[in-house]
Amino acid sequence: GELVREVRATGALEAVSTVSVGAEISGRIATVEVDFNQRVTAGQVLARFDMAALEAQRAQSAAVALGAKAQLAQARSDLEQAQRTKARSDTLFAQKAQTDAATQRTTSAADAMERERLQKEAQLQAANAKAIAQAKKLAAESAAADAPAHGASTTQRNALRHPTDSNGRTEHFY
C-alpha cells in the first residue's frame, strides 16, 4: 500500500528575501500587462501609466511659462516708458523747468520698473525650467514600468518592478 507520512510543526514562515518595489514616476496605472506569478524578462512592460495627468502637468507648466513671458514683455515695455519719462524729467530739471522732487520721483519709478523687469525675468527663467523639466519627464518616461531582470516572477498583482540582488539573482516576493 501507500506510505503516508505526516509532519506537524509550529513556527513562523519567513521569506528568504524581500524587496520594495516602485515606479520612477507616480501616477495612475492604466493597464497591467502581466499576471500573478507570471515570469518576466528584463525590459518587459509590466504596467502602463495613464499619461493624461503628466500631459496636463506639462501643458500647465508651458502655460505658466507663456504667461511669464507675457508679463516680462509688459515689464520691459513699462521700463522703457519709465526710462523715457525719466530722460524727459532729467532734461526739464537741467532746464530748471522741474523740481528736484519731481525728478527723484521719476528716477524712483524707473528704478522700480527695472526691479520689476528683473523679477519677471527670474520668474520666466523658473517657469521655463519647470516647463522643460516637465517636457523631459514626459518624453523620458515610456509610460510603462518594465522588469529590469530576466526571470523575475510577478507574485503581487500590483508589483511594477522586480529587481535583482547584488549577485544578479532575481528577487522574488513571497
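Since the structure is predicted, the reported quantities are computational estimates derived from the model, not experimental observations.

*Asks:* When you look at the overall build of the chain in this model, what are you seeing that I'm missing?
*Replies:* Along its length, the chain carries 2 helices and 5 strands. Put simply, the chain runs from its N terminus to its C terminus through helices and strands in the order β-β-β-α-α-β-β. Burial statistics for the chain: of 174 residues in total, 27% are counted as buried. Pairs at least 24 apart in sequence give 65% of the contacts found in the chain among residues at least 6 apart. When the accessible surface of the chain is summed, it comes to about 11900 Å², and 51% of that surface belongs to carbon and sulfur atoms.

*Asks:* How do you make sense of the pattern of salt bridges when you look at a structure like this?
*Replies:* Two side chains carrying opposite charge are able to pair once their charged atoms lie near each other. What the rule picks out here adds up to 7 salt bridges. Ionic pairing is found between arginine 76 and glutamate 121, a salt bridge with its closest N-O pair at 3.3 Å. Placement of the pair is arginine 76 in helix α1 (residues 52-94) and glutamate 121 in helix α2 (residues 100-140), with a sequence separation of 45 residues. Among the ionic pairs, aspartate 90 bridges to lysine 86, the shortest N-O distance being 2.8 Å. Of the two residues, aspartate 90 and lysine 86 are both situated in helix α1; the distance of 4 residues between them amounts to about one turn of the helix. With a relative accessible area of 23%, lysine 86 lands in the partly exposed category. Taken together, the shared-partner salt bridges in this structure form one network comprising Arg76, Glu114, Arg117 and Glu121.

*Asks:* Could you clarify how one ought to interpret the side chain of serine 61 in this entry?
*Replies:* As for its placement among the helices and strands, serine 61 is situated in helix α1. In this view, serine 61 contacts Ala127, Lys130, Ala131 and Gln134; residues no more than four positions away in its chain are not counted.

*Asks:* Where do I start with the nonpolar core in this structure?
*Replies:* The nonpolar side chains of soluble globular proteins are, as a tendency, buried together. Judged by nonpolar contacts, Ala65, Ala68, Leu72, Leu124, Ala127 and Ala131 together constitute the single largest core of 6 residues. Sorting the residues of this core by element identifies α1 and α2 as the ones contributing at least two each. Among all residues touching alanine 127, those that are not within four sequence positions of it are Ser61, Val64, Ala65 and Ala68.

*Asks:* Would you take a moment to explain unusual backbone geometry for this structure?
*Replies:* Outside of glycine, negative phi angles account for most residues, and trans bonds account for most peptide bonds. Not every positive phi belongs to a glycine, and lysine 96 is a case in point at roughly 65 degrees. Considering the arrangement of structural elements, one finds lysine 96 in the loop between α1 and α2.

*Asks:* I'm lost on α1 in this one. Help?
*Replies:* One full turn of an α-helix is made of 3.6 residues, so residues set three or four places apart face in the same direction. End to end, α1 covers 62 Å across 43 residues, agreeing with the expected 63 Å (1.5 Å per residue, within 8%). Along α1, the residues that are buried comprise Leu54, Ser61, Ala65, Ala68, Leu72, Ala75, Leu79, Ala82 and Ser89. In the stretch just after α1, lysine 96 is the one whose phi turns positive, near 65 degrees.

*Asks:* Even after reading the chapter, I still don't get the side chain of threonine 103, so can you show me in this structure?
*Replies:* Along the polypeptide, threonine 103 turns up in helix α2. Of the polar contacts made by the side chain of threonine 103, one reaches the backbone oxygen of threonine 99; its length is 3.2 Å. Every residue in contact with threonine 103, bar those within four places of it in the chain, is listed here: Ser89, Asp90, Phe93 and Gln98.

About the criteria used
Residues numbered from 1 in each chain as written. Predicted model: local features only at pLDDT ≥ 70, side-chain atom pairs only at ≥ 80, totals over all residues. Heavy atoms only, no water. Helix = DSSP H or I, 4+ residues; strand = E, 2+ residues; numbered from the N terminus. Buried < 20%, exposed > 50% of the residue type's maximum accessible area, 1.4 Å probe, protein only. Contact = heavy atoms within 4.5 Å. Areas by Shrake-Rupley, 256 points an atom, 1.4 Å probe, with all protein chains shown as cover. Salt bridge = Lys/Arg side-chain N within 4 Å of Asp/Glu carboxyl O. Core = buried A, V, L, I, M, F, W, Y, C linked by side-chain atoms within 4.5 Å. Expected span 1.5 Å × (residues − 1). Polar contact = N/O pair within 3.5 Å; in protein donor to acceptor, adjacent residues only side chain to side chain.

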